[in-house]
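Coordinates in review
Read off the chains here:
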Amino acid sequence: WDQENYRSPINDFTCNDHRGTDCISWRFVLGGNITALEDLINSCPVSCNIECGAFQQQNITLSFIVSGLPHLIDIQTQTSLEDVVLDFLADYVESNKAGEAVFVLEKVRLKSQEPLEHMQEVQKAGTDQENLLTIQLRVALFLSGFSINLHTNELTALLISGVDSDEFTGKLKTSAAFFSKAKAS
C-alpha cells in the first residue's frame, strides 16, 4: 500500500499525484537525489507500480586488472577510463539482465590503482627493434547508482562479466591512446 502521509520534498506531491507516471524519471525533478527517489518508490509502490523492496541503492567497488599500460593512470586517462566504464557497463547490464530489472549507473570514480608487474614488449618498427616497458595494474572503481529487481550479487556478476568481455577491452583501447595496448581482465 501507498503511504498516505508521503510528500515529495520538492513539490509536496502525494503518492496519488505520482500515479500513472514513470517514478524513476522523477529522479531528475528530485535533483538526482537517489535517496529521495528511493523514498518516493518505497513510499508509493502502488502508484509507482514497483514492488515493495525492489529498489536498491548500489554502491559497488569493482576491481579488475588492466595490462599493457605505459605507466600509472593520470587524471586525463582516469576520465577516459571512468567514461568507458560508465557507458559500456550501463549498456552491458541493460542488454544482459533478466526480465523487468532496471539498472541506472550514475557515477564511476577511480578509487585506487596498484602496479602488479612490469612487462617487456618488443616492437618492430621497420628494421629497428624497440623495447617497450608496460605495466599491469589492479584498478578499483567505485560505482554508484540504483537497481530495481536486481540484487547486488547478480549485478556484480554482470559487471564482472562485462569487464571480462572482449567488447570492453575494445572500447577501452579506442578511448585514449594511453589504452591502445590495454587488456582488461
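Notes on the structure follow. Keep in mind the model is a prediction, meaning the values are calculated, not measured.

**Examining the state of the cysteines**
- Counted under the stated rule, the structure contains two disulfides.
- Here Cys15 pairs with Cys44 through a disulfide, and the sulfurs are 1.9 Å apart. Its torsion about the S-S bond being -75°, the disulfide of Cys15 and Cys44 is classed as left-handed. Here Cys44 lies in the loop between α3 (34-43) and α4 (45-48) and Cys15 lies in helix α1 (residues 15-18), a separation of 29 residues in the sequence. Like Cys44, Cys15 is buried.
- The disulfide that involves Cys23 links it to Cys48, with 2.1 Å between the sulfurs. Its torsion about the S-S bond being -85°, the disulfide of Cys23 and Cys48 is classed as left-handed. Placement of the pair is Cys23 in the loop between α1 and α2 (26-29) and Cys48 in helix α4, with a sequence separation of 25 residues.

**Examining the environment of Asn5**
- Its location among the elements puts Asn5 in the segment before α1.
- Spatially, the C-alpha atom of Asn5 lies 8.6 Å from that of Cys15, the residues being ten residues apart in sequence.

**Quick look at the packing of aromatic side chains**
- This model, assessed by the stated rule, comprises six aromatic pairs.
- Judged by centre distance (5.8 Å) and plane angle (25°), the ring pair of Phe88 and Tyr92 falls under stacked. Taken together, the residues Phe88 and Tyr92, both in helix α5 (residues 75-96) and four residues apart, mark about one turn of the helix.
- Residue classification places Tyr92 among the buried residues on the basis of a relative accessible area of 16%.
- Aromatic rings pair up to connect Phe64, Phe88, Tyr92 and Phe168 into one cluster.

**A few points about α5**
- Counted at 1.5 Å a residue, the expected span for α5 with its 22 residues is 32 Å, and the 31 Å between its end C-alpha atoms agrees.
- Turning to α5, its buried residues number three or more, namely Thr77, Gln78, Ser80, Leu81, Glu82, Val84, Val85, Phe88, Leu89, Tyr92 and Val93.
- Structurally, the start of α5 carries an N-cap: the backbone nitrogen of Gln76 is 3.2 Å from a side-chain oxygen of Asp74.

How each quantity is defined
Residues numbered from 1 in each chain as written. Predicted model: local features only at pLDDT ≥ 70, side-chain atom pairs only at ≥ 80, totals over all residues. Heavy atoms only, no water. Disulfide = S-S within 2.5 Å. Helix = DSSP H or I, 4+ residues; strand = E, 2+ residues; numbered from the N terminus. Buried < 20%, exposed > 50% of the residue type's maximum accessible area, 1.4 Å probe, protein only. Phe/Tyr/Trp six-rings, centres within 6.5 Å; stacked < 30°, edge-to-face > 60°. Expected span 1.5 Å × (residues − 1). Polar contact = N/O pair within 3.5 Å; in protein donor to acceptor, adjacent residues only side chain to side chain.

Geometric values such as these leave the question of function open.
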